Amino acid sequence: MEFEPRIVGFLCNWCAYSGADLAGTSRIQYPPNIRVIRLMCTGALDPIYVLRAFLEGADGILIAGCHPGDCHYLNGNYKARRRVAILKEILKELGLEEDRVWLRWISASEGQRFADTVKEMVEYLKAKGPSPMKNPIL
Amino acid sequence: MKSVIQTHGDPKGAVVGVLKSLLNQGVVKAWLLPLSGSGITYALVRDEGLLEKASPFAPVMPINLARAVSVVAKKGGAGKIGVLLRPCEQRAFVELVKFHQIDRNSVLVVGMDCLGTYELKDYASSANTALEEAILRQFKAGEATPYQGLNFRKACEVCVHFTPTNDGGYAPELALGLLGMDPYEAIALEGEPDLLKGLGLEEASEPPSRLEVISALREKRTAKRKEAFAETLGKARGIEGLRSYLSTCIRCHNCMVNCPICYCPDCVFRTETFDRTTSQYLAWAERKGAVPMLPDLILFHLTRMNHMATSCVACGMCTSACPMGIDVGTLFSAVGEKVQALFNYVPGRSLEELPPVAEFKEEEFLDLG
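Definitions and limits used
- Residues numbered from 1 in each chain as written.
- Chains lettered and ligands numbered in written order.
- Predicted model: local features only at pLDDT ≥ 70, side-chain atom pairs only at ≥ 80, totals over all residues.
- Heavy atoms only, no water.
- Helix = DSSP H or I, 4+ residues; strand = E, 2+ residues; numbered from the N terminus.
- Rg over C-alpha atoms; globule rule 2.2 N^0.38 Å.
- Buried < 20%, exposed > 50% of the residue type's maximum accessible area, 1.4 Å probe, protein only.
- Contact = heavy atoms within 4.5 Å.
- Areas by Shrake-Rupley, 256 points an atom, 1.4 Å probe, with all protein chains shown as cover.
- Lys, Arg positive; Asp, Glu negative; His and termini not counted.
- Charge placed at Lys NZ, Arg CZ, Asp CG, Glu CD.
- Salt bridge = Lys/Arg side-chain N within 4 Å of Asp/Glu carboxyl O.
- Disulfide = S-S within 2.5 Å.
- Domains from an automatic or database assignment.
- Buried area = accessible area lost by both parts, 1.4 Å probe.

1. Structural notes on the overall build of chain A
1) Next: Of the regular secondary structure elements, chain A holds 4 helices and 4 strands.
2) Next: Its helices and strands in sequence order give chain A the pattern β-α-β-α-β-α-β-α, from N to C terminus.
3) Next: Taken against the 2.2 N^0.38 rule, which gives 14 Å for 138 residues, the C-alpha radius of gyration of chain A at 15 Å falls within 12% of a compact globule.
4) Next: Scored against the burial criterion, the 138 residues of chain A give a buried share of 55%.
5) Next: Long-range contacts, defined here as pairs at least 24 residues apart, represent 79% of the contacts in chain A between residues at least 6 apart.
6) Next: Accessible surface, chain A as shown: approximately 5900 Å² in total, 53% of it carbon and sulfur.
7) Next: When the 18 basic and 16 acidic side-chain charges of chain A are each reduced to a single mean position, those positions are 4 Å apart.

2. Focus: the pattern of salt bridges
A side chain with one charge can pair with a side chain of the opposite charge if their charged atoms come near.
1) Next: Following the criterion strictly, the structure yields 24 salt bridges over all chains and no others.
2) Next: Of the charged contacts in the structure, one is a salt bridge between Glu364(B) and Arg82(A), with a shortest N-O distance of 2.9 Å. Remark: Arg82(A) occurs in helix α3 (residues 76-93) and Glu364(B) occurs in the segment after α14 (328-342); the pair is interchain, linking two chains. Grouping residues by exposure puts Glu364(B) and Arg82(A) together as buried.
3) Next: One salt bridge connects Lys20(B) with Glu52(B), and the closest N-O pair in it is separated by 2.3 Å. Here Lys20(B), found in helix α1 (residues 11-24), pairs with Glu52(B), found in the loop between β3 (40-45) and α2 (66-72); they are 32 residues apart in sequence, far enough to count as distant.

3. What about the state of the cysteines?
1) Next: One pass over the full model with this rule turns up 1 disulfide over all chains.
2) Next: Two residues, Cys15(A) and Cys66(A), share a disulfide whose sulfurs are 2.3 Å apart. Across the S-S bond linking Cys15(A) and Cys66(A), the dihedral sits near 95°, which makes this disulfide right-handed. On the criterion of sequence distance, the pair formed by Cys15(A) in the loop between β1 (7-12) and α1 (16-25) and Cys66(A) in the loop between β3 (60-65) and α3 is long-range, its members being 51 residues apart.
3) Next: Judged by its relative accessible area of 10%, Cys15(A) is buried.
4) Next: For the unlinked cysteine Cys156(B), the closest cysteine sulfur is that of Cys114(B), found at 5.8 Å.
5) Next: Judged by relative accessible area, which is 9%, Cys156(B) ranks as buried.
6) Next: Here Cys318(B) is not disulfide-linked; the sulfur of Cys315(B) is the nearest cysteine sulfur, at 6.5 Å.

4. Observations concerning the domain arrangement of chain B
All names here are of chain B.
1) Next: Domain parsing of chain B yields domain 1 (2-225) and domain 2 (227-358).
2) Next: Look at where the C-alpha atoms of domain 1 and domain 2 centre, and you get two points 29 Å apart.
3) Next: Residue-level contacts link 28 residues of domain 1 with 28 residues of domain 2.
4) Next: Across the domain 1 to domain 2 interface the summed buried area is about 2500 Å²; carbon plus sulfur atoms make up 59%.
5) Next: When the area that domain 1 buries against domain 2 is broken down by residue, the three leading residues are Lys98, Phe99 and Arg225, summing to 26%.
6) Next: Summed over the shared surface of domain 1 and domain 2, the result is 1 salt bridge.
7) Next: The salt bridge involving Glu337 is made with Arg225; its shortest N-O contact spans 3.1 Å.

Rendered as C-alpha coordinates:
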(Lines give C-alpha, C1' and ligand atoms only; values in the text may rest on other atoms or scores of the structure.)
Protein backbone atom coordinates (compact mmCIF):
# COMPACT_ATOMS: atom_id res chain seq x y z
CA MET A 1 0.00 0.00 0.00
CA GLU A 2 1.29 3.42 -0.89
CA PHE A 3 2.44 5.62 1.96
CA GLU A 4 -0.15 8.32 2.69
CA PRO A 5 1.45 11.21 4.58
CA ARG A 6 -0.48 12.86 7.35
CA ILE A 7 -0.30 16.63 7.33
CA VAL A 8 -1.44 18.87 10.16
CA GLY A 9 -2.47 22.29 8.89
CA PHE A 10 -2.47 25.32 11.16
CA LEU A 11 -4.58 27.85 9.23
CA CYS A 12 -5.44 31.38 10.24
CA ASN A 13 -9.12 32.17 10.54
CA TRP A 14 -9.10 35.21 8.28
CA CYS A 15 -7.16 34.10 5.23
CA ALA A 16 -5.91 30.54 4.84
CA TYR A 17 -8.88 28.91 6.59
CA SER A 18 -11.28 30.89 4.43
CA GLY A 19 -9.16 29.91 1.43
CA ALA A 20 -9.56 26.26 2.39
CA ASP A 21 -13.28 26.85 2.84
CA LEU A 22 -13.46 28.37 -0.61
CA ALA A 23 -11.64 25.36 -2.06
CA GLY A 24 -14.37 23.20 -0.53
CA THR A 25 -17.37 25.29 -1.60
CA SER A 26 -15.84 25.62 -5.07
CA ARG A 27 -15.57 21.82 -5.26
CA ILE A 28 -11.85 21.98 -6.01
CA GLN A 29 -10.36 18.51 -5.56
CA TYR A 30 -7.35 18.05 -3.32
CA PRO A 31 -5.91 15.07 -1.40
CA PRO A 32 -7.54 14.25 1.95
CA ASN A 33 -4.19 13.99 3.75
CA ILE A 34 -4.48 17.26 5.65
CA ARG A 35 -6.10 17.71 9.06
CA VAL A 36 -6.88 21.34 9.61
CA ILE A 37 -6.67 23.23 12.88
CA ARG A 38 -8.07 26.74 12.76
CA LEU A 39 -6.21 29.51 14.59
CA MET A 40 -7.17 33.12 14.93
CA CYS A 41 -3.72 34.05 13.60
CA THR A 42 -0.49 32.28 12.64
CA GLY A 43 1.15 34.67 15.11
CA ALA A 44 -0.66 32.79 17.87
CA LEU A 45 0.99 29.48 16.98
CA ASP A 46 3.51 28.40 19.59
CA PRO A 47 6.13 26.02 18.19
CA ILE A 48 5.18 23.54 20.91
CA TYR A 49 2.09 22.56 18.88
CA VAL A 50 4.14 21.93 15.75
CA LEU A 51 6.60 19.80 17.71
CA ARG A 52 3.81 17.94 19.44
CA ALA A 53 2.17 17.13 16.10
CA PHE A 54 5.46 15.72 14.77
CA LEU A 55 6.08 13.64 17.87
CA GLU A 56 2.52 12.30 17.74
CA GLY A 57 2.75 11.16 14.16
CA ALA A 58 2.49 14.00 11.64
CA ASP A 59 4.61 13.67 8.50
CA GLY A 60 4.34 17.32 7.60
CA ILE A 61 3.10 20.61 9.00
CA LEU A 62 1.51 23.36 6.93
CA ILE A 63 1.33 26.76 8.57
CA ALA A 64 -0.68 29.13 6.44
CA GLY A 65 -1.89 32.67 6.98
CA CYS A 66 -2.52 36.03 5.39
CA HIS A 67 -0.09 37.43 2.86
CA PRO A 68 2.51 39.84 4.32
CA GLY A 69 0.86 43.19 4.87
CA ASP A 70 -2.63 41.65 4.97
CA CYS A 71 -2.69 40.30 8.54
CA HIS A 72 -6.03 40.89 10.24
CA TYR A 73 -4.04 41.81 13.35
CA LEU A 74 -1.58 43.95 11.38
CA ASN A 75 1.62 41.96 11.94
CA GLY A 76 0.91 38.52 13.43
CA ASN A 77 2.13 36.79 10.28
CA TYR A 78 5.50 38.58 10.45
CA LYS A 79 5.93 37.32 14.01
CA ALA A 80 4.93 33.85 12.87
CA ARG A 81 7.54 33.98 10.12
CA ARG A 82 10.29 34.68 12.67
CA ARG A 83 9.13 31.84 14.89
CA VAL A 84 9.04 29.48 11.93
CA ALA A 85 12.54 30.61 10.94
CA ILE A 86 13.76 29.80 14.47
CA LEU A 87 11.94 26.46 14.53
CA LYS A 88 13.29 25.41 11.15
CA GLU A 89 16.84 26.39 12.08
CA ILE A 90 16.65 24.32 15.26
CA LEU A 91 15.24 21.32 13.40
CA LYS A 92 17.93 21.70 10.76
CA GLU A 93 20.80 21.85 13.27
CA LEU A 94 19.48 18.75 15.00
CA GLY A 95 18.97 16.86 11.73
CA LEU A 96 15.21 16.67 12.28
CA GLU A 97 14.11 17.32 8.69
CA GLU A 98 13.02 20.94 8.74
CA ASP A 99 11.72 20.60 5.17
CA ARG A 100 8.61 18.95 6.60
CA VAL A 101 7.50 22.35 7.92
CA TRP A 102 5.94 24.57 5.26
CA LEU A 103 4.92 28.19 5.71
CA ARG A 104 2.60 29.55 3.00
CA TRP A 105 0.59 32.72 2.51
CA ILE A 106 -2.92 31.96 1.25
CA SER A 107 -5.64 34.60 1.08
CA ALA A 108 -9.37 34.02 1.54
CA SER A 109 -9.85 34.20 -2.23
CA GLU A 110 -7.10 31.69 -3.04
CA GLY A 111 -9.02 28.40 -2.84
CA GLN A 112 -7.08 27.08 -5.80
CA ARG A 113 -3.76 28.01 -4.19
CA PHE A 114 -4.75 26.15 -1.03
CA ALA A 115 -5.63 23.03 -3.01
CA ASP A 116 -2.44 23.28 -5.06
CA THR A 117 -0.34 23.70 -1.90
CA VAL A 118 -1.81 20.58 -0.31
CA LYS A 119 -1.29 18.61 -3.54
CA GLU A 120 2.29 19.78 -3.82
CA MET A 121 3.00 19.00 -0.19
CA VAL A 122 1.51 15.51 -0.35
CA GLU A 123 3.63 14.70 -3.39
CA TYR A 124 6.74 16.04 -1.70
CA LEU A 125 6.12 14.02 1.47
CA LYS A 126 5.26 10.85 -0.45
CA ALA A 127 8.64 11.06 -2.15
CA LYS A 128 10.31 11.75 1.20
CA GLY A 129 8.63 8.97 3.17
CA PRO A 130 7.32 8.82 6.75
CA SER A 131 8.69 11.17 9.38
CA PRO A 132 11.24 9.49 11.68
CA MET A 133 10.09 11.64 14.60
CA LYS A 134 6.95 9.54 15.15
CA ASN A 135 8.77 6.30 15.83
CA PRO A 136 7.88 4.85 19.21
CA ILE A 137 10.49 5.44 21.88
CA LEU A 138 11.08 1.78 22.74
CA MET B 1 37.36 56.27 31.83
CA LYS B 2 40.12 53.85 32.64
CA SER B 3 42.11 53.59 35.81
CA VAL B 4 44.20 51.15 37.79
CA ILE B 5 44.09 50.35 41.50
CA GLN B 6 47.08 48.98 43.40
CA THR B 7 46.19 45.96 45.48
CA HIS B 8 49.36 45.53 47.57
CA GLY B 9 49.10 41.73 47.60
CA ASP B 10 45.43 41.70 48.60
CA PRO B 11 43.16 41.82 45.52
CA LYS B 12 40.07 40.89 47.50
CA GLY B 13 40.73 43.59 50.07
CA ALA B 14 41.18 46.18 47.32
CA VAL B 15 37.86 45.28 45.69
CA VAL B 16 36.07 45.19 49.04
CA GLY B 17 37.46 48.68 49.64
CA VAL B 18 35.81 49.88 46.44
CA LEU B 19 32.51 48.22 47.38
CA LYS B 20 32.55 49.79 50.84
CA SER B 21 33.33 53.20 49.45
CA LEU B 22 30.42 53.07 47.00
CA LEU B 23 28.13 51.95 49.81
CA ASN B 24 29.28 54.72 52.13
CA GLN B 25 28.96 57.35 49.41
CA GLY B 26 25.38 56.24 48.95
CA VAL B 27 25.96 55.35 45.31
CA VAL B 28 24.38 51.99 46.07
CA LYS B 29 22.01 51.11 48.89
CA ALA B 30 23.24 47.54 49.21
CA TRP B 31 25.43 44.99 47.44
CA LEU B 32 24.22 41.74 45.96
CA LEU B 33 27.23 39.46 45.91
CA PRO B 34 28.77 36.18 47.08
CA LEU B 35 29.75 35.94 50.76
CA SER B 36 32.05 33.24 52.01
CA GLY B 37 31.31 31.42 55.20
CA SER B 38 30.85 27.69 55.32
CA GLY B 39 30.60 27.84 51.54
CA ILE B 40 29.41 30.49 49.13
CA THR B 41 26.14 32.28 49.81
CA TYR B 42 24.74 35.05 47.70
CA ALA B 43 23.31 37.84 49.80
CA LEU B 44 21.97 41.34 49.63
CA VAL B 45 24.40 43.07 51.98
CA ARG B 46 23.60 46.33 53.71
CA ASP B 47 26.02 46.05 56.63
CA GLU B 48 29.45 47.46 55.82
CA GLY B 49 31.17 45.06 58.21
CA LEU B 50 29.71 42.04 56.41
CA LEU B 51 31.32 43.20 53.18
CA GLU B 52 34.57 41.89 54.68
CA LYS B 53 33.17 38.46 53.93
CA ALA B 54 32.55 39.29 50.26
CA SER B 55 34.16 36.77 47.97
CA PRO B 56 34.32 38.43 44.56
CA PHE B 57 36.88 36.04 43.10
CA ALA B 58 35.60 32.66 44.34
CA PRO B 59 35.66 30.59 41.12
CA VAL B 60 32.20 29.15 41.56
CA MET B 61 28.68 30.04 40.45
CA PRO B 62 25.94 28.41 42.55
CA ILE B 63 23.29 30.13 40.41
CA ASN B 64 23.36 32.59 37.57
CA LEU B 65 23.19 35.69 39.75
CA ALA B 66 21.11 37.59 37.18
CA ARG B 67 18.22 35.46 38.43
CA ALA B 68 18.64 36.93 41.89
CA VAL B 69 18.84 40.43 40.41
CA SER B 70 15.46 39.85 38.80
CA VAL B 71 14.07 38.84 42.18
CA VAL B 72 15.31 41.89 44.05
CA ALA B 73 15.14 44.54 41.31
CA LYS B 74 12.16 43.56 39.21
CA LYS B 75 9.99 46.47 40.20
CA GLY B 76 12.65 48.94 41.31
CA GLY B 77 11.93 52.49 42.41
CA ALA B 78 13.77 52.30 45.74
CA GLY B 79 17.33 53.25 44.90
CA LYS B 80 20.22 51.39 43.38
CA ILE B 81 21.39 47.92 44.21
CA GLY B 82 24.99 47.14 43.37
CA VAL B 83 25.68 43.73 41.95
CA LEU B 84 28.87 41.88 41.12
CA LEU B 85 28.43 39.85 37.94
CA ARG B 86 30.57 37.47 35.92
CA PRO B 87 30.35 38.05 32.15
CA CYS B 88 27.75 35.31 31.56
CA GLU B 89 25.67 36.64 34.44
CA GLN B 90 26.00 40.11 32.99
CA ARG B 91 24.74 38.88 29.62
CA ALA B 92 21.77 37.24 31.33
CA PHE B 93 21.19 40.53 33.18
CA VAL B 94 21.03 42.41 29.86
CA GLU B 95 18.57 39.89 28.41
CA LEU B 96 16.37 40.03 31.53
CA VAL B 97 16.29 43.84 31.37
CA LYS B 98 15.07 43.56 27.80
CA PHE B 99 12.43 41.04 28.85
CA HIS B 100 11.25 43.53 31.53
CA GLN B 101 12.31 41.23 34.36
CA ILE B 102 14.79 43.72 35.83
CA ASP B 103 14.41 47.47 36.28
CA ARG B 104 17.60 48.69 34.67
CA ASN B 105 17.72 51.93 36.67
CA SER B 106 17.67 50.11 39.98
CA VAL B 107 20.91 48.27 39.39
CA LEU B 108 24.56 49.26 39.32
CA VAL B 109 26.61 46.53 37.72
CA VAL B 110 30.21 45.75 38.52
CA GLY B 111 31.48 43.36 35.88
CA MET B 112 34.71 41.39 35.90
CA ASP B 113 36.98 39.27 33.73
CA CYS B 114 36.46 35.57 34.30
CA LEU B 115 38.78 32.68 33.55
CA GLY B 116 36.35 29.99 34.61
CA THR B 117 34.37 28.50 37.46
CA TYR B 118 34.18 25.07 39.07
CA GLU B 119 31.12 22.96 39.70
CA LEU B 120 29.68 23.86 43.09
CA LYS B 121 30.23 20.38 44.54
CA ASP B 122 33.88 20.38 43.44
CA TYR B 123 34.39 23.81 44.95
CA ALA B 124 32.67 22.87 48.19
CA SER B 125 34.80 19.77 48.66
CA SER B 126 38.13 21.46 47.93
CA ALA B 127 40.50 23.79 49.67
CA ASN B 128 38.64 26.70 48.19
CA THR B 129 41.05 29.49 49.10
CA ALA B 130 43.71 27.57 47.18
CA LEU B 131 41.39 27.33 44.15
CA GLU B 132 40.83 31.06 44.31
CA GLU B 133 44.47 31.94 44.59
CA ALA B 134 45.43 29.52 41.79
CA ILE B 135 43.04 31.16 39.37
CA LEU B 136 44.01 34.70 40.37
CA ARG B 137 47.62 33.81 39.59
CA GLN B 138 46.61 32.69 36.08
CA PHE B 139 45.10 35.98 34.94
CA LYS B 140 48.42 37.52 34.03
CA ALA B 141 49.24 34.93 31.36
CA GLY B 142 45.56 34.31 30.60
CA GLU B 143 46.02 30.58 30.62
CA ALA B 144 43.29 28.83 32.52
CA THR B 145 44.44 25.52 33.93
CA PRO B 146 42.09 23.87 36.40
CA TYR B 147 43.30 22.98 39.85
CA GLN B 148 44.81 19.53 40.13
CA GLY B 149 42.25 16.76 39.80
CA LEU B 150 39.41 19.15 38.91
CA ASN B 151 37.84 20.53 35.76
CA PHE B 152 36.24 23.86 35.03
CA ARG B 153 32.54 23.81 34.23
CA LYS B 154 32.06 22.72 30.61
CA ALA B 155 30.58 26.09 29.60
CA CYS B 156 33.65 27.88 31.01
CA GLU B 157 36.06 25.73 29.02
CA VAL B 158 34.59 26.98 25.76
CA CYS B 159 33.58 30.48 26.86
CA VAL B 160 34.58 33.25 24.46
CA HIS B 161 32.80 36.16 26.17
CA PHE B 162 34.96 36.32 29.29
CA THR B 163 35.29 40.10 29.62
CA PRO B 164 32.58 42.51 30.80
CA THR B 165 33.08 45.10 28.06
CA ASN B 166 32.56 44.59 24.36
CA ASP B 167 33.20 46.98 21.51
CA GLY B 168 30.54 49.63 21.43
CA GLY B 169 28.01 47.42 23.20
CA TYR B 170 26.76 47.31 26.74
CA ALA B 171 29.34 48.10 29.37
CA PRO B 172 28.73 47.83 33.12
CA GLU B 173 29.03 50.93 35.30
CA LEU B 174 32.30 49.52 36.57
CA ALA B 175 34.45 46.73 35.12
CA LEU B 176 37.27 44.94 36.92
CA GLY B 177 40.04 44.07 34.47
CA LEU B 178 42.10 41.10 35.59
CA LEU B 179 43.38 39.51 32.39
CA GLY B 180 46.94 40.43 31.56
CA MET B 181 47.33 41.85 35.07
CA ASP B 182 48.77 40.41 38.23
CA PRO B 183 45.82 40.97 40.58
CA TYR B 184 48.20 40.75 43.54
CA GLU B 185 49.76 43.96 42.26
CA ALA B 186 47.07 45.86 40.41
CA ILE B 187 43.59 45.60 38.92
CA ALA B 188 42.39 47.65 35.94
CA LEU B 189 39.15 49.56 36.47
CA GLU B 190 37.01 50.89 33.67
CA GLY B 191 33.80 52.75 34.16
CA GLU B 192 31.85 55.95 34.48
CA PRO B 193 34.16 58.91 35.20
CA ASP B 194 32.04 60.21 38.10
CA LEU B 195 32.23 56.86 39.79
CA LEU B 196 35.99 56.51 39.39
CA LYS B 197 36.64 60.09 40.47
CA GLY B 198 34.42 59.54 43.49
CA LEU B 199 36.73 56.70 44.40
CA GLY B 200 39.64 59.12 44.22
CA LEU B 201 41.14 57.47 41.15
CA GLU B 202 43.13 59.18 38.41
CA GLU B 203 42.95 58.32 34.74
CA ALA B 204 45.54 55.63 34.00
CA SER B 205 45.92 53.24 31.13
CA GLU B 206 46.10 49.52 31.49
CA PRO B 207 49.26 47.66 30.41
CA PRO B 208 49.22 46.94 26.65
CA SER B 209 49.81 43.26 27.38
CA ARG B 210 46.23 43.08 28.65
CA LEU B 211 44.68 43.31 25.20
CA GLU B 212 47.15 40.80 23.80
CA VAL B 213 46.32 38.29 26.53
CA ILE B 214 42.61 38.75 25.88
CA SER B 215 42.84 38.20 22.15
CA ALA B 216 45.13 35.18 22.53
CA LEU B 217 42.69 33.57 24.96
CA ARG B 218 39.74 34.39 22.72
CA GLU B 219 41.42 32.74 19.77
CA LYS B 220 42.21 29.59 21.72
CA ARG B 221 38.73 29.36 23.20
CA THR B 222 37.02 30.01 19.87
CA ALA B 223 38.74 26.99 18.35
CA LYS B 224 37.84 24.84 21.36
CA ARG B 225 34.24 26.02 21.27
CA LYS B 226 33.87 25.25 17.58
CA GLU B 227 35.19 21.75 18.16
CA ALA B 228 32.94 21.09 21.18
CA PHE B 229 29.84 22.42 19.41
CA ALA B 230 30.48 20.33 16.29
CA GLU B 231 31.03 17.23 18.39
CA THR B 232 27.82 17.75 20.36
CA LEU B 233 25.71 18.51 17.29
CA GLY B 234 27.12 15.36 15.73
CA LYS B 235 26.15 13.26 18.76
CA ALA B 236 22.63 14.67 19.12
CA ARG B 237 21.84 14.44 15.42
CA GLY B 238 18.54 13.01 14.23
CA ILE B 239 15.73 11.86 16.48
CA GLU B 240 17.67 8.77 17.53
CA GLY B 241 20.75 10.84 18.34
CA LEU B 242 18.69 13.31 20.33
CA ARG B 243 16.89 10.57 22.25
CA SER B 244 20.20 8.95 23.07
CA TYR B 245 21.76 12.30 24.13
CA LEU B 246 18.83 12.87 26.50
CA SER B 247 18.27 9.23 27.43
CA THR B 248 19.11 9.64 31.11
CA CYS B 249 16.85 12.69 31.57
CA ILE B 250 14.64 12.19 34.63
CA ARG B 251 12.25 15.07 33.84
CA CYS B 252 13.18 17.05 36.92
CA HIS B 253 13.16 20.31 34.89
CA ASN B 254 16.21 21.55 36.81
CA CYS B 255 17.72 22.82 33.54
CA MET B 256 14.71 25.06 33.09
CA VAL B 257 14.56 26.17 36.73
CA ASN B 258 18.21 27.22 36.67
CA CYS B 259 18.11 28.87 33.24
CA PRO B 260 18.22 32.66 33.63
CA ILE B 261 16.35 33.09 30.35
CA CYS B 262 13.51 30.70 31.33
CA TYR B 263 11.90 33.26 33.59
CA CYS B 264 8.21 32.55 32.83
CA PRO B 265 6.43 31.87 36.14
CA ASP B 266 3.62 30.20 34.24
CA CYS B 267 5.73 27.98 31.96
CA VAL B 268 3.52 25.70 29.90
CA PHE B 269 5.31 22.69 31.38
CA ARG B 270 4.19 23.69 34.87
CA THR B 271 0.55 23.99 33.84
CA GLU B 272 -2.17 21.49 33.06
CA THR B 273 -2.11 22.34 29.35
CA PHE B 274 -0.97 18.88 28.34
CA ASP B 275 -2.68 16.85 31.04
CA ARG B 276 -4.97 14.28 29.44
CA THR B 277 -7.68 11.93 30.63
CA THR B 278 -7.03 8.27 31.31
CA SER B 279 -9.03 7.30 28.24
CA GLN B 280 -6.87 9.56 26.05
CA TYR B 281 -3.68 7.96 27.35
CA LEU B 282 -5.18 4.51 26.82
CA ALA B 283 -6.13 5.46 23.27
CA TRP B 284 -2.54 6.52 22.60
CA ALA B 285 -1.19 3.31 24.10
CA GLU B 286 -3.64 1.35 21.92
CA ARG B 287 -2.54 3.14 18.75
CA LYS B 288 1.20 3.11 19.38
CA GLY B 289 1.59 -0.03 21.44
CA ALA B 290 3.19 1.93 24.30
CA VAL B 291 3.38 5.53 25.48
CA PRO B 292 6.45 6.66 27.43
CA MET B 293 5.73 7.80 30.98
CA LEU B 294 6.26 10.47 32.02
CA PRO B 295 5.43 11.69 28.54
CA ASP B 296 6.85 14.56 26.51
CA LEU B 297 10.59 14.26 27.16
CA ILE B 298 11.67 15.37 23.67
CA LEU B 299 8.82 17.87 23.52
CA PHE B 300 10.06 19.54 26.70
CA HIS B 301 13.63 20.02 25.52
CA LEU B 302 12.75 21.05 21.96
CA THR B 303 10.11 23.49 23.15
CA ARG B 304 12.42 25.03 25.70
CA MET B 305 15.00 25.40 22.96
CA ASN B 306 12.49 27.15 20.71
CA HIS B 307 11.53 29.52 23.49
CA MET B 308 14.96 30.54 24.76
CA ALA B 309 17.66 29.68 22.18
CA THR B 310 17.60 33.18 20.69
CA SER B 311 18.67 34.59 24.06
CA CYS B 312 20.80 31.71 25.41
CA VAL B 313 23.84 33.30 27.06
CA ALA B 314 25.74 29.99 27.22
CA CYS B 315 26.26 30.19 30.99
CA GLY B 316 25.93 26.40 31.22
CA MET B 317 23.89 26.48 34.43
CA CYS B 318 21.56 23.88 32.89
CA THR B 319 24.45 21.42 32.63
CA SER B 320 25.58 22.21 36.18
CA ALA B 321 22.03 21.70 37.44
CA CYS B 322 21.45 18.37 35.72
CA PRO B 323 21.54 15.60 38.34
CA MET B 324 22.24 13.07 35.58
CA GLY B 325 25.18 14.95 34.12
CA ILE B 326 23.60 15.51 30.71
CA ASP B 327 25.48 18.30 28.96
CA VAL B 328 22.34 20.23 28.09
CA GLY B 329 24.27 23.48 27.98
CA THR B 330 26.62 22.63 25.14
CA LEU B 331 23.69 21.38 23.07
CA PHE B 332 21.60 24.47 23.74
CA SER B 333 24.42 26.92 23.20
CA ALA B 334 25.54 25.16 20.00
CA VAL B 335 22.04 25.35 18.55
CA GLY B 336 21.53 28.80 20.09
CA GLU B 337 24.56 30.20 18.31
CA LYS B 338 23.15 29.11 14.92
CA VAL B 339 19.71 30.52 15.67
CA GLN B 340 21.15 33.81 16.92
CA ALA B 341 23.23 34.08 13.75
CA LEU B 342 20.00 34.26 11.69
CA PHE B 343 19.38 37.62 13.31
CA ASN B 344 22.97 38.70 13.85
CA TYR B 345 22.02 38.74 17.51
CA VAL B 346 24.40 38.22 20.39
CA PRO B 347 22.60 37.85 23.73
CA GLY B 348 23.85 40.36 26.27
CA ARG B 349 25.69 42.47 23.71
CA SER B 350 23.45 45.48 23.83
CA LEU B 351 20.48 46.89 25.72
CA GLU B 352 19.18 48.54 22.55
CA GLU B 353 18.97 45.54 20.23
CA LEU B 354 15.61 43.87 20.81
CA PRO B 355 15.54 40.09 21.30
CA PRO B 356 14.69 38.41 17.97
CA VAL B 357 11.32 37.18 19.27
CA ALA B 358 10.31 40.72 20.24
CA GLU B 359 10.49 42.28 16.78
CA PHE B 360 10.30 41.58 13.06
CA LYS B 361 11.16 43.13 9.73
CA GLU B 362 8.85 43.22 6.76
CA GLU B 363 11.59 42.25 4.34
CA GLU B 364 13.19 39.12 5.78
CA PHE B 365 13.00 35.33 5.38
CA LEU B 366 11.25 35.90 2.06
CA ASP B 367 12.10 32.39 0.93
CA LEU B 368 10.17 30.86 3.86
CA GLY B 369 6.65 31.69 2.72
